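# Descriptive analysis of the structure
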Amino acid sequence: MSGPMALEPGGGEQDTLALRPVTAVPRLPRPLPADEPTLVVRLPRPVPDQEEVDRLAAGLADRIGPAVHPYEVAALLEAEGLSADAVRRQYGHPNLFSLASALYERVPRTFPELPPAPDPWRPDTARCLLRGVLFALPGLAYLLAAPLGQSARYAPALIAAGVVSWAWGQALGHRAHLRLATGRHEAGRTLLTGAALGAALATATAAAAAGGGPVTLAAAAQSLYLAAASTLLVLARERLLLAALTPLVAGAVLLPWWEPGPVLRLGLPLLALAATLAAAGWSLRGVLGVPPVPGARRPPLPVSLPYGLFGLAAASLVLLEGRQHPYAMIVLTVSMGPAEWLLYRYRGWSVAALRATATPAAFLLRSAGLLGLCLLVYLLPLTPAALLTGADPAALLLLAATLWTALLLQAFGVAWPSALICLTAAGCAAAVTLLRLPPGPAVLPLCCGAAALCLSVCVLRLLGRPAVHA
């Protein structure tokens, strides 16, 4: 040896004398060369038949276009009864999802518009017009009974009874419709009790105003008719009410050519009253025969209070106008039928506007246009009617606008604003008229104009929101 061997730890002997554990070296598989075809097992892959796939895509394009994911196309193919074997043999795809992806890529996305939904607020035009006529037909009774010589003396008491009946009928109608949502039996009980109480209250009011006497009988007949007619209208028995009023209509139609005499002048209205009471009783009997809903709760009485107050205000405003122009009051009464039709149309058009707009501001603008359109359609025919009756067109149109906008708010359950605004207008107009204060006869159009403006603002603020119509 040429020199000593270093034996210190950590020296060079570590390279030769240290025992090291054997570390396994992973052996990588040798890639098969491309020139060794005998060593590679190749399985035949299906080749897509493009023509067949195109033909299938064309046949199902209308149903593939709205799909948002190939899985929807796969579900469609599976629903069509396409088997896995047919997918491989006929279309050359390995599985259903491969074929669905190919179809999804071939057909462009199409999202057709949904079909228009039916309008839930489509009005019954014939029924609305009939209701307007029925509101005015009772006036024929006064036309027949006028020559009997007592109508002028009975007028104040009958007017007082009519105002009470109008206010009571509005509250009773609202409460009965609430009960109809529970069951027809419950609504029938409400109408039976409420109509009897309303007729008694109106008769007592007339008796107190006239100090008793024969006027009580006339007021009782009027109140009983109004109670029975309200019952039939709430139960949607308009045609039955029209049939009951046939004697009254026949007698009034023959008046220009035939004098019926005092017996028929009094008998025909009484016959119509009896027929109306019988029709109301028959309708209530059928409704009360329906089994009651177990555990039904009665709505609280104050809920219907604003509707009664609005009826009181509306009756007062109409009477103030009729005091100067009686025929204008008849025109306004008949117009309540078209007014009801427009209430339905407003709700239907609002739902359509909700689908056609994308922002709250756009919906508010469209709501303002709908309000203006409805008022124009309602008020335009009243203009020649006011001129024909000799009434002031401004007073009649402003009064009609006040009543319609108030009814619109009530149709959406907004009762207190319309009741308070109309009560304020009626109170101011009545005070100025009775005390003969300035501006005199101009007070009614002024009060109605202010009320219509306030009610229109309430309509736009409360009903101009999309959430109300959703």
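Keep in mind it's a predicted model, so treat the numbers as computed, not measured.

## Let's talk about the environment of R89
Looking at the secondary structure, you find R89 in helix α4 (residues 84-91). Within polar-contact distance, the side chain of R89 engages the side chain of D85 at 2.6 Å.

## Points about empty space enclosed by the protein
Across all of its chains, the model carries 1 cavity of 30 Å³ or more by this definition. Empty space within the largest cavity amounts to approximately 100 Å³. Around the largest cavity sit S165, W168, G169, L172, A195, G198, A199, S223, L226, A227 and S230, which together line it. Residue assignment for the lining of the largest cavity shows that the elements contributing at least two residues are α8 (151-182), α9 (184-210) and α10 (215-234). Of the residues in the lining of the largest cavity, the class split is 6 nonpolar, 5 polar and no charged.

## Points about the packing of aromatic side chains
Taken as a whole, this structure holds 2 aromatic pairs when the rule is applied. Where Y71 meets F97, the ring centres are 5.6 Å apart and the plane angle is 70°; that geometry is what we call edge-to-face. Remark: F97 occurs in helix α5 (residues 96-106) and Y71 occurs in helix α3 (residues 70-79); sequence separation between them is 26 residues. Residue placement shows R347 over the ring face of W121; its charged tip is 3.9 Å from the ring centre.

## A closer look at the pattern of salt bridges
Inspection of the entire model under this criterion finds 8 salt bridges. Residue E52 is joined to R55 by a salt bridge in which the shortest nitrogen-to-oxygen separation is 2.8 Å. Remark: R55 and E52 occur in helix α1 (residues 50-59); sequence separation between them is 3 residues, near one turn of the helix. The exposure class of E52 is partly exposed, given its relative accessible area of 23%. Here D85 makes a salt bridge to R89, at a shortest N to O gap of 2.6 Å. Residue D85 and its partner R89 are located together in helix α4, separated by 4 residues, close to a single helical turn. Classification of R89 as exposed rests on a relative accessible area of 63%. Put simply, R127, R131, E238 and E340 are held in one network by salt bridges that share partners.

## Some words on the nonpolar core
F310, L332, Y346, Y378, L403, W404 and L408 are the most contacted members of the largest nonpolar core, which has 53 residues in total. For this core, the secondary-structure elements that each account for two or more residues are α14 (305-324), α15 (326-334), α16 (336-356), α17 (360-379), α18 (382-388), α19 (393-411), α20 (416-435) and α21 (443-463). For this core, the element with the highest residue contribution is α19, accounting for 11 residues. When neighbours within four sequence positions are excluded, L332 is seen to be in contact with V318, Y378, L396, L399, A400 and L403. A141, A229, L233 and A279 belong to the second-largest nonpolar core, a separate cluster that totals 20 residues.

## Let's talk about a nonpolar patch on the surface
A surface patch of nonpolar side chains, amounting to about 540 Å² of accessible area, comprises V253, L254, W257, W258 and L264. On the basis of relative accessibility, which here comes to 32%, the residue L264 falls in the partly exposed class.

## Things to note about unusual backbone geometry
With an omega of 10°, the peptide bond between P438 and P439 qualifies as cis. Tracing the chain through its elements places P439 in the loop between α20 and α21. One non-glycine residue, A236, lies in the positive phi region at around 60°. Positionally, A236 belongs in the loop between α10 and α11 (238-244).

## Examining α19
Given a rise of 1.5 Å per residue, 19 residues ought to cover 27 Å, and the 27 Å separating the end C-alpha atoms of α19 matches this to within 8%. Across the 19 residues that make up α19, a large majority, 15, are buried. Looking at the residues trailing α19, positive phi occurs at G413, about 80°.

## Details of the side chain of T405
Examined against the element boundaries, T405 turns out to sit in helix α19. Residue classification places T405 among the buried positions, given a relative accessible area of 0%. What T405 contacts, discounting residues up to four positions off in sequence, is L371, L375, L455, S456 and V459.

## Focus on the environment of A171
Within the secondary structure, A171 is located in helix α8. On the basis of relative accessibility, which here comes to 19%, the residue A171 falls in the buried class. It is 7.8 Å that separates the C-alpha atoms of A171 and G311, two residues lying 140 residues apart in sequence. Once residues lying within four places of it in the same chain are set aside, the contact partners of A171 are S304, Y307 and G308.

Conventions used here
- Residues numbered from 1 in each chain as written.
- Predicted model: local features only at pLDDT ≥ 70, side-chain atom pairs only at ≥ 80, totals over all residues.
- Heavy atoms only, no water.
- Helix = DSSP H or I, 4+ residues; strand = E, 2+ residues; numbered from the N terminus.
- Polar contact = N/O pair within 3.5 Å; in protein donor to acceptor, adjacent residues only side chain to side chain.
- 1 Å grid on protein atoms, 1.4 Å probe; cavity = no way out; pocket = protein on both sides within 12 Å on 5 of 7 lines; lining within 4 Å.
- Points joined across faces, edges and corners; volume = space filled by probe spheres on them.
- Nonpolar A, V, L, I, M, F, W, Y, C, P; charged D, E, K, R; others polar.
- Phe/Tyr/Trp six-rings, centres within 6.5 Å; stacked < 30°, edge-to-face > 60°.
- Lys NZ or Arg CZ within 6 Å of the ring centre and 35° of its normal.
- Salt bridge = Lys/Arg side-chain N within 4 Å of Asp/Glu carboxyl O.
- Buried < 20%, exposed > 50% of the residue type's maximum accessible area, 1.4 Å probe, protein only.
- Core = buried A, V, L, I, M, F, W, Y, C linked by side-chain atoms within 4.5 Å.
- Contact = heavy atoms within 4.5 Å.
- Patch = residues over 30% accessible without salt bridge, like charges linked within 9 Å, V, L, I, M, F, W, Y side chains within 5 Å.
- Areas by Shrake-Rupley, 256 points an atom, 1.4 Å probe, with all protein chains shown as cover.
- Expected span 1.5 Å × (residues − 1).

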